[in-house]
Amino acid sequence: MRTCQMLYPRDTVVRRAVSMDGMWKFRTDQRQEGLEKGWTKGLPGPDLIPVPASFQDLYTDKDMREFTGDVWYETDVFVPGEWEGKEVAVRFGCATHRAKVYVNGKEAVSHEGGFLPFLAVVTDTVQYNAYNKVVVLVNNELNVTSIPCGETKVLSNGKKMSSPYFDFFNYSGLQRPVRLIAYPKEHIEDLSLVYGFEGEDAVVHYTVETTGEHLVTVDVFDALSEKVASCTGKEGELRIPHVHKWGIRDGYLYRFVIRIMDGDTLIDEYYDEIGIRTVEIKGTDILLNGEKVYLKGFGKHEDSDIVGRGFHMGVMKRDFECMKWINANCFRTSHYPYSEEIYQMADREGMLVIDEVAAVGLFKSLMNFMEASTGKKTAFFREDTIPQLLEEHLQCVEDMICRDKNHACVIAWSLLNEPETTDEAAVPYFEKVFAKAWEADPQKRPRTFAMIMNSLPHNCKCYQFSDFLSLNRYYGWYLMGGYEITDAEAAFRKELDAWEAKKLDRPVVFTEYGADTNPAEHKLPSVMWSQEYQLEYLEMCHRVFDSYPFVAGELVWNFADFQTTEGILRMNGNKKGIFTRQRQPKQAAYYYRERWGGKSR
Ligand code: EVA
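All figures in this text were calculated on a predicted structure; none of them were measured in a lab.

Draft legend 1. Seen up close, the pattern of salt bridges. As enumerated under the stated definition, the model contains 49 salt bridges in all. Lys324 is the partner of Glu349 in a salt bridge, and the nearest nitrogen-oxygen pair spans 3.1 Å. Here Lys324 lies in helix 2 (residues 313–325) and Glu349 lies in helix 3 (residues 340–349), a separation of 25 residues in the sequence. Glu349 sits in the buried class, given a relative accessible area of 13%. Between Asp546 and Arg595 there is a salt bridge whose closest N-O contact spans 3.0 Å. Of this pair, Asp546 sits in helix 8 (residues 531–546) while Arg595 is found in helix 9 (residues 587–598), placing the two residues 49 residues apart along the sequence. Residue classification places Asp546 among the partly exposed residues on the basis of a relative accessible area of 39%. Taking relative accessible area as the criterion, Arg595 reaches 15% and is therefore assigned buried.

Rendered as structure tokens:
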């Protein structure tokens, strides 16, 4: 278990969190000579780049944008003398896709996986009241034993290139905030919460994990800072009278303050802002606080100009403003867990989130979104690399749930995106992944995975694992696009009829449907890629959704245009956005604003 690294860094009476964001030294390592040449002690060369950011789009040189292999980062950080006696660590929001951290020349930690936080504990390595050198070796190569999956090619000139099995650019580097943190030796490691309602009150069952045996206290404060409940012990029940439930566009948060006490002496203190709500599936309905909700929103990406996948507060703010304007209530963190600040914002804004782990590309193909439509199979789950991939996948599921389980906004876990499911060999793999999520989540939230076009009622071996079905469907785009759209609609209905015939008694959510659209293209009558066709396509999909009562949500692909690998199917990226990459509305955005503003299914 790597629990304690998941607590979001906060300042309290006995904890410190200091931002290390800023300009860091940077260097690519084309010849992989850094280790030999002693770069762990400091980098040669004067180049500086911002952290957090993806490094790819900052330069004007194509070799930099496409760089695949090892890159190095370096900064100096001052560790205050008054921290001596505490645990001290550097906490990375993420390092994509893997990293080794060196502090004052000594390896502090090695971490695999590019979208979740980790700590380099440096209590005994740092010099107090002095600057310390932090060097990070990041590697962004794709392979089939870590998630997401892909390949690394070597070109005839010896340069490496990323070939993802997925449709987004392989942005990488230190893409999220980095902080120097200090916390007590005996400390709080984890907090778990489960909610129930009794009349007007909430009953909150809590569990606190600590590294020692001193007394734990928990106090709950409302938004006006009035204490509304308290309890002692590592496990217990808190009753919050007249609870203000967290809901859509009603992001009411309570402050939970947890302390470890030795008599009157405070040993540790941590707090979190918590929304209280329940989520469950009942028949074909998704219930929030016992009431039916219809999900309206997007599959998104962390993606924007210049900083790539780097966390940018301005982009986050704009995205939420656009989502509120268009009357969305939900988004999926396709195709990886996002930066923690985004979930905090969703909690505050009352926006629902389907939280997705980075298990994308579990289908051996560089164009799976196309090839799956043709019925192609690749026997992905029969490869001998699967046990190692599974191990990594399970770790990421555990870490994601540990990190995000207390966010009110998170209503479900998406455990894979578009894996191959038509082969029996997938079944034992899915079984383990779904069991892991159940075991890791104290709230037992619904679990799902996004199903590719060829995972159909008659051949999909894995849909039964999902508490609600998530369908990614492109009838009228990849299949029967343009003037054939009437046939596309008929085929779409035929598939849904077949799901209906199975009497699954579970909700179906469309987690993807969309059409590439050039914002500069208008054409009457429509052609594919024009704004007019995007609208016709969306209207067709919605006619279909509205005919089936078990459809519990529509998350259009995508919120905004985003960068992908270059190719003949992508015009400088994927253009299925309802907004442009600069977050300006395409014509379809006005249509959604109306549909979602009025819709209450
Ligand atoms: C698409 N289709 O073709 C999208 C991809 C996405 O960007 C998919 O899940 O099925 C994928 O990543 O536009």
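Draft legend 2. The sheet that holds strand 25 (residues 352–356), seen in detail. Within the closed barrel, the 8 strands sit side by side as 23-24-25-26-27-28-29-30. Their pairing is parallel. Mean inter-strand twist for the sheet, computed between neighbouring axes without regard to direction, equals 25°. The pairing of strand 27 (residues 447–451) with strand 28 (residues 469–472) spans 2 bridges and is classified as parallel. Across the sheet, Met451 pairs through a bridge with Leu471, a residue of strand 28. Sheet strands in contact with helix 7 (residues 485–501) are strand 27, strand 28 and strand 29 (508–512), and its direction is about 165° off that of strand 28.

Draft legend 3. Focus on unusual backbone geometry. For the bond from Thr96 to His97, the omega torsion is 5°, close enough to zero to count as cis. Tracing the sequence through the fold places His97 in the loop between strand 5 (87–92) and strand 6 (98–103). Here the amide bond leading from Ile147 into Pro148 is cis, since omega sits at 0°, within 30 degrees of zero. Along the chain, Pro148 turns up in the loop between strand 9 (130–139) and strand 10 (150–154). One non-glycine residue, Gln32, lies in positive phi territory at about 50°. In this fold, Gln32 is placed in the loop between strand 2 (22–28) and strand 3 (48–51). Looking at Gln32, the relative accessible area reads 49%, which means it is partly exposed. The backbone phi angle of Ser225 is positive, close to 70°, even though this residue is not glycine. As for its placement among the helices and strands, Ser225 is situated in the loop between strand 15 (215–221) and strand 16 (227–232).

Reading the values: the criteria
- Residues numbered from 1 in each chain as written.
- Predicted model: local features only at pLDDT ≥ 70, side-chain atom pairs only at ≥ 80, totals over all residues.
- Heavy atoms only, no water.
- Salt bridge = Lys/Arg side-chain N within 4 Å of Asp/Glu carboxyl O.
- Helix = DSSP H or I, 4+ residues; strand = E, 2+ residues; numbered from the N terminus.
- Buried < 20%, exposed > 50% of the residue type's maximum accessible area, 1.4 Å probe, protein only.
- Pairing = 2+ DSSP bridges.
- Axes fitted to C-alpha atoms, helices over the stretch in contact; angles between N-to-C directions.
- Contact = heavy atoms within 4.5 Å.

The values reported here are purely geometric and, on their own, carry no functional implication.
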